[in-house]
Each structure stands twice: as C-alpha cells, then as structure tokens.
Amino acid sequence: QQWKDLLLDLKRSDWLPAYNDENVKAVHSEIKIHFNELNDQAKAAAQVTADRNKRSSSNSNDDDGKKSTSLPMESRPAIVLHETAIRRNKRCLLAYHKYRLDKLKSLC
C-alpha cells in the first residue's frame with residue numbers, strides 16, 4: 001500500500017514534498033511481484049489448457065482439429081487481480097510524477 005502513501009503525501013503538503021524514493025522503489029518492487037505472479041498464473045493456465053486439449057483429443061472419435069485456447073475459469077480471477085494491481089500501481093506512480101512535474105513547470 002505504498003502507492004497510497006505517495007498520493008497522501010502530495011495531498012497533505014502545501015506545495016511539493018521531498019521526493020519519496022523509498023516508497024517509489026517499494027511500488028516498483030510491488031509491480032515486479034505482481035508481474036511475476038501474473039506470468040506464473042498465465043503459464044500454469046496455459047499448461048492446464050494444453051493438458052485439457054490433449055485429453056479431449058485423445059478421448060474424441062472425430063478429430064476436427066479444434067483446440068481450446070481460452071484460459072480456464074479457475075485461473076481468471078487471479079490473473080485479473082494481479083493485472084488490476086499492476087495497472088493501479090502504474091497509475092499512482094504516473095499521478096505522483098505528473099503532479100510533481102506540473103508543480104516544477106509552474107515555476108518557469
């Protein structure tokens with residue numbers, strides 16, 4: 001929840017608070033964690049889909065060549081969760097930096 005602290009610091013300050021390098025790095029590392037978890041979930045879902053396709057092709061009498069490429073329903077919530085967290089963190093970092101940039105531009 002470091003992203004929340006970044007935005008609250010901006011809201012609480014009268015002008016421009018000192019750059020919070022520690023929280024920015026923490027948000028970056030949280031993005032990396034969610035990204036790695038998202039990749040792991042996607043790989044596992046792809047493996048489940050491949051296994052299902054293998055079983056269905058070996059069990060069916062007519063081989064029409066159709067294979068499922070959609071993600072299994074049980075993996076979709078986790079994928080959506082991690083993708084949403086990544087997007088939220090990126091939005092907050094962009095908002096933090098845009099606010100700071102706008103304040104600095106107003107000096108010129």
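Per chain, the residues get numbers from 1 upward, laid out in the order the sequence is written. Reporting in this predicted model follows two pLDDT cut-offs: at least 70 for local features of residues, and 80 or more for side-chain atom pairs to be given and counted; totals over whole chains, interfaces and linings ignore these cut-offs and use all residues. Hydrogen atoms and water are omitted, and side-chain values are computed over all heavy atoms in the structure.

What follows deals with the packing of aromatic side chains. When two rings of Phe, Tyr or Trp (its six-membered ring) have centres within 6.5 Å they constitute a pair, described as stacked for plane angles under 30 degrees, edge-to-face for angles over 60, and tilted for the intermediate range. Tallying each qualifying case throughout the model produces 1 aromatic pair. Judged by centre distance (5.9 Å) and plane angle (50°), the rings of Y19 and Y96 are tilted. Of this pair, Y19 sits in the loop between α1 (2-12) and α2 (21-59) while Y96 sits in helix α3 (residues 76-105), and the two are 77 residues apart along the sequence. Secondary structure counts use DSSP, requiring at least four H or I residues in a row for a helix and at least two E residues in a row for a strand, with both numbered from the N terminus.

Here is a general trend for soluble globular proteins: nonpolar side chains tend to be buried in one another's company. Only buried Ala, Val, Leu, Ile, Met, Phe, Trp, Tyr and Cys residues count toward a nonpolar core, and they belong to the same one when joined by side-chain atoms within 4.5 Å. Partly exposed describes any residue whose relative accessible area lies between the buried limit of under 20% and the exposed limit of over 50%, with all areas from a 1.4 Å probe on protein chains only and scaled to the type maximum. Core analysis: the largest hydrophobic core is formed by 12 residues, namely W3, L6, L10, V24, V27, I31, L38, I79, I86, C92, L93 and Y96. With 5 residues, α3 is the largest single contributor of residues to this core. Residues count as neighbours in contact if any of their non-hydrogen atoms are within 4.5 Å of one another. Contacts of C92, omitting those with residues within four sequence positions, involve W3 and L7.

An axis is simply a line fitted to the C-alpha atoms; with a helix, the fit covers only the stretch in contact. Between two such axes, the angle follows the N-to-C directions and lies from 0 to 180 degrees. Contact pair α1 / α3: the axes reach a minimum separation of 9 Å and the direction vectors enclose 25°. The angle between α1 and α3 places the two elements in the roughly parallel class. As for how α1 packs across α3, the hand of that crossing is left-handed. Contact with α1, carried on its side by W3, L6, L7 and L10, involves R88, N89, C92, L93, A95, Y96, Y99 and R100 of α3 and no other residues of that element. Partitioned by chemical class, the residues of the contact of α1 with α3 number 9 nonpolar, 1 polar and 2 charged. Roughly parallel means an angle under 35 degrees; roughly antiparallel means over 145; roughly perpendicular covers 65 to 115; every other angle is labelled oblique. Here a crossing is called left-handed whenever its near helix is offset anticlockwise from the far helix by less than a right angle, and right-handed whenever the offset is clockwise. Charged residues are taken to be Asp, Glu, Lys and Arg, nonpolar residues to be Ala, Val, Leu, Ile, Met, Phe, Trp, Tyr, Cys and Pro, and polar residues to be all remaining types, Gly included.

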